[in-house]
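Structural description and commentary
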There are 2 protein chains.
Amino acid sequence: MVTNVINEQSLFLGIDGGGSKCKATIIDENNNILGSGIAGPANPLHGYEQTINSIVESAKLALIDADLSIDLVSSLTAGVGLAGVNLPSLFEKMQQWQHPFKQMFLTTDLRIACLGAHNGEDGAIMITGTGSCGYSFVNGKETFIGGHGFPHGDKGSGAWLGLQAATTVLRSLDGLEKTTAMNTILLDKLNCSNALEIVEAIAKKPASYFAQLACVAFQAANEQDELALAIVNDGASYISNIARKLCLEGPIELSLIGGLTPVLTPYFEPEIASRLSAPTNPPEIGAIIFAKQQLAKQA
Amino acid sequence: MVTNVINEQSLFLGIDGGGSKCKATIIDENNNILGSGIAGPANPLHGYEQTINSIVESAKLALIDADLSIDLVSSLTAGVGLAGVNLPSLFEKMQQWQHPFKQMFLTTDLRIACLGAHNGEDGAIMITGTGSCGYSFVNGKETFIGGHGFPHGDKGSGAWLGLQAATTVLRSLDGLEKTTAMNTILLDKLNCSNALEIVEAIAKKPASYFAQLACVAFQAANEQDELALAIVNDGASYISNIARKLCLEGPIELSLIGGLTPVLTPYFEPEIASRLSAPTNPPEIGAIIFAKQQLAKQA
């Protein structure tokens, strides 16, 4: 609970919206975090109504968390970073939204993640969660690498690693690959006893399902399973290649963010691993930094 | 048009039902083909009602094609080979169907393809169309290899080759692979001008869509495109491995069937290519052979 007097006209809202959830954080004029909220998906590529509902709901939850009236939503200066708005048509559609905030500054989820990681400075990031991608912002130039989606892209991501693990185990159970510990680990994870049951379990599943199988590859790789090590090293090598390409843009700092960060980093080549710096702030704070930068430009 | 007198009680119907269509052929007691018909999908895994409707419709179309009354459907002895009935529950459900035929003998699409290819004798087949798999029937023992579906299985299939081509081109356009002729071939094929447009075109598409992109890999490989050759050789090597494993079962003949047969065969290792024999009959004739074999067992 916040007991200080709040200057209601100086409240900032940061929104980080993606395919699985929308995170909101509210800070005061002294950069104190007052409250935060999480609502449903907010990727306009997968639904405009759901996106604007999730943004507003997460903002109201953050106000409630801050012990503030939800009527203050109209006093908030919002920085909003969303997946999907790299597509010009979706950016335009979101810009035209009659939002309830005092002001809204819109950009991509990658931009706010990068701004957050490097505290508003130029820099580069790689994300490895359900998907994977690379991004840098240096001297006003944005660079995007990968992030093309599943199953045709996102190598090195959780969904990619889980898919490779399942594919490899099925080949092994067919007698077309060696039999390794990964077979048992996957069968146990899925509570299956044979290939047919695995196929029934994984058929037509989305990226988020396969991302939950990434742990199978990591667990087997930790046990020095030859086939699992090949998968994890292949994925880590791809992310390392993204890192090398981003470094050509000249960022001072390079960060890896996303759920796989702790488990994938040990498989990076040493030159890449030593180049990484821990992100300073989460993306929703990056969204607030973005709003403040845009306000400063207007001033 | 058939002008001879037909012994209506000796008519056989062969059905080959799969995920995209259902083919029916009618023969007389002298093994003359009287007519054939094609209807919609007939894979009970994707819909029971659609499957039985497609079977009956294709049979009636074959009767019409043979200049016979559709009332003769009740005189037909049907051999029916269907995708999906390798799952015991679906086999049971299809067996309980109150079918309109005189008799029905049900088995898998793989069994009838193998019986057709080897004219009723034991043997082995590999199928490479939208999907891929291997199957043998030798001394009463069935062996299944692969065929697990897309995107987690079906290596070497049209869908797999198309996916690899798209994935590789996207990596190349990101600057993470060499730039080769395959980039231009895919961009032209999809009428796209950059990676973002490719992603919009291929996102969330089914296996049948990616199978239509397999030609991109073959066209580029024919032009000695290094990355395309790696893809096609990897796929052909997998099918060759299936062939080697099937040969351990001791089939006299081994055939490759499916739409990719002519374009994939040149990439097989010589020892495998020389082992292949052309299939004798299509699967729907294999279905009739199956029905006759089952009748002979009952006699």
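Everything below is about the structure shown above.
Bear in mind the structure is a predicted one, so any value in this text is a computation, not a measurement.

Helix and strand counts for chain A stand at 12 helices and nine strands. Its C-alpha atoms give chain A a radius of gyration of 21 Å, within 12% of the compact-globule value 19 Å for 299 residues. The principal-axis extents of the C-alpha atoms in chain A amount to approximately 65 × 40 × 40 Å. Sequence separation of 24 or more characterises 63% of the internal contacts of chain A that already satisfy a separation of 6 or more. Placing the 18 positive and 29 negative side-chain charges of chain A at their respective mean positions leaves the two points 5 Å apart.

The subject of this paragraph is the sheet that holds strand 8 (residues 141–146) of chain B. Residues and elements named next belong to chain B. Strands sit in the order 8-7-6-9 across an open sheet of four strands; the sheet is mixed. Only two strands of the sheet have a single partner each, and these edge strands are strand 8 and strand 9 (254–257). Averaged over all pairs of adjacent strands, the angle between their axes in this sheet comes to 15°, without regard to strand direction. On the sheet, helix 3 (residues 109–117) packs against strand 6 (123–128), strand 7 (132–138), strand 8 and strand 9 and is oriented at approximately 115° with respect to strand 6.

So, about the packing of helix 5 (residues 181–190) of chain A against helix 8 (residues 214–222) of chain A. Between two packed helices, both the angle of their axes relative to each other and the distance between the axes serve to describe the pair. All names here are of chain A. The geometry of helix 5 relative to helix 8 is characterised by a closest axis approach of 9 Å and an angle of 145° between their N-to-C directions. Both helix 5 and helix 8 take part in a crossing whose hand is right-handed. Taken together, the residues of helix 8 that come into contact with helix 5 (itself represented by M182, I185, L186 and K189) are C215, V216, A217, Q219 and A220. Of the residues that constitute the contact of helix 5 with helix 8, the class distribution is seven nonpolar, one polar and one charged.

Summed over the entire model, instances satisfying the criterion amount to 10 aromatic pairs over all chains. When the ring of F218(B) is compared with that of Y267(B), the centres are 6.3 Å apart and the planes differ by 45°; the resulting orientation is tilted. Of this pair, F218(B) sits in helix 8 (residues 214–222) while Y267(B) is found in the loop between helix 10 (261–264) and helix 11 (270–273), placing the two residues 49 residues apart along the sequence. Grouping residues by exposure puts F218(B) and Y267(B) together as buried. Among the aromatic side chains, those forming a connected cluster through ring pairs are F150(A), Y209(A) and F210(A). Note that K93(B) overlies the ring of Y48(B), its terminal NZ or CZ placed 4.7 Å from the centroid. The ring of Y209(B) carries K205(B) above its face, with NZ or CZ at 5.1 Å from the centroid.

What follows covers the relation of the copies chain A and chain B. Once turned by 180° and shifted 0.0 Å along the axis, chain A lies on chain B with an RMSD of 0.0 Å. In the structure described here, the two chain copies are related by an operation that fits a two-fold rotation axis. Of the C-alpha atoms belonging to chain A, the one lying closest to the rotation axis is found on P151(A), 3.5 Å away. Taken as a fraction of all interface residues of chain A, those also at the interface in chain B reach 100%, which identifies the copy contact as same-surface.

We now examine the sheet that holds strand 3 (residues 33–39) of chain A. Strand-to-strand pairing in sheets goes through backbone hydrogen bonds, with the strands running parallel or antiparallel. Residues and elements named next belong to chain A. Taken in spatial order, the five strands make up an open sheet running 3-2-1-4-5, and their pairing is mixed. Strands with a single pairing partner mark the edges of an open sheet, and in this sheet they are strand 3 and strand 5 (103–108). Strand after strand, the sheet turns through a mean of 15° between neighbouring axes, direction not considered. In this structure, strand 1 (residues 12–17) lies alongside strand 2 (residues 22–27), joined through six bridges in antiparallel fashion. Opposite G14, over in strand 2, you have T25 as the bridge partner. Relative to strand 5, helix 2 (residues 88–95) is tilted by about 170°, and along the sheet it contacts strand 4 (77–82) and strand 5. Relative to the sheet, helix 3 (residues 109–117) contacts strand 1, strand 4 and strand 5, its axis offset from that of strand 5 by approximately 95°.

Among the surface-exposed residues, L61(A), I64(A) and I70(A) lie close enough to one another that they form a single nonpolar patch of about 240 Å² accessible area. Along the chain, L61(A) falls in helix 1 (residues 48–65).

Our next topic: the state of the cysteines. What we call a disulfide is simply a covalent bond connecting the sulfur atoms of a pair of cysteines. Applying the stated criterion across every chain, the model contains zero disulfides over all chains. Free of any disulfide, C22(A) has its nearest cysteine sulfur in C133(A), 18 Å distant. Of all cysteine sulfurs, the one in C114(B) lies closest to C247(B), which takes part in no disulfide; the gap is 12 Å.

Residue and element names in this part refer to chain B. Mapping T77 onto the fold places it in strand 4 (residues 77–82). Since its relative accessible area comes to 3%, T77 is described here as buried. Non-local contacts of T77, meaning those with residues more than four positions away in its chain, are made with L11, F12, L13, K102, Q103, F105 and L295.

Our next topic: the interface of chain A and chain B. In this assembly, 28 residues from chain A lie in contact with 28 residues from chain B. Together, the buried faces of chain A and chain B total about 2400 Å²; carbon and sulfur atoms form 67% of this surface. At the surface where chain A touches chain B, the tally comes to zero salt bridges. Broken down by secondary-structure element, the contributors of at least two residues to the side of chain A that touches chain B are strand 8 (141–146), helix 4 (158–173), helix 6 (195–202) and helix 9 (226–247) of chain A. In terms of residues, the side of chain A that touches chain B owes the most to one element, helix 6 of chain A, which gives five residues. Among the residues making up the side of chain A that touches chain B, the classes are represented as 14 nonpolar, eight polar and six charged.

Cut-offs applied
- Residues numbered from 1 in each chain as written.
- Chains lettered and ligands numbered in written order.
- Predicted model: local features only at pLDDT ≥ 70, side-chain atom pairs only at ≥ 80, totals over all residues.
- Heavy atoms only, no water.
- Helix = DSSP H or I, 4+ residues; strand = E, 2+ residues; numbered from the N terminus.
- Rg over C-alpha atoms; globule rule 2.2 N^0.38 Å.
- Contact = heavy atoms within 4.5 Å.
- Lys, Arg positive; Asp, Glu negative; His and termini not counted.
- Charge placed at Lys NZ, Arg CZ, Asp CG, Glu CD.
- Pairing = 2+ DSSP bridges.
- Axes fitted to C-alpha atoms, helices over the stretch in contact; angles between N-to-C directions.
- Left-handed = near helix turned anticlockwise from the far one by under 90°.
- Nonpolar A, V, L, I, M, F, W, Y, C, P; charged D, E, K, R; others polar.
- Phe/Tyr/Trp six-rings, centres within 6.5 Å; stacked < 30°, edge-to-face > 60°.
- Buried < 20%, exposed > 50% of the residue type's maximum accessible area, 1.4 Å probe, protein only.
- Lys NZ or Arg CZ within 6 Å of the ring centre and 35° of its normal.
- Least-squares fit on C-alpha atoms with pLDDT ≥ 70 in both.
- Patch = residues over 30% accessible without salt bridge, like charges linked within 9 Å, V, L, I, M, F, W, Y side chains within 5 Å.
- Areas by Shrake-Rupley, 256 points an atom, 1.4 Å probe, with all protein chains shown as cover.
- Salt bridge = Lys/Arg side-chain N within 4 Å of Asp/Glu carboxyl O.
- Disulfide = S-S within 2.5 Å.
- Buried area = accessible area lost by both parts, 1.4 Å probe.

Function cannot be read off these values alone, since they describe shape.
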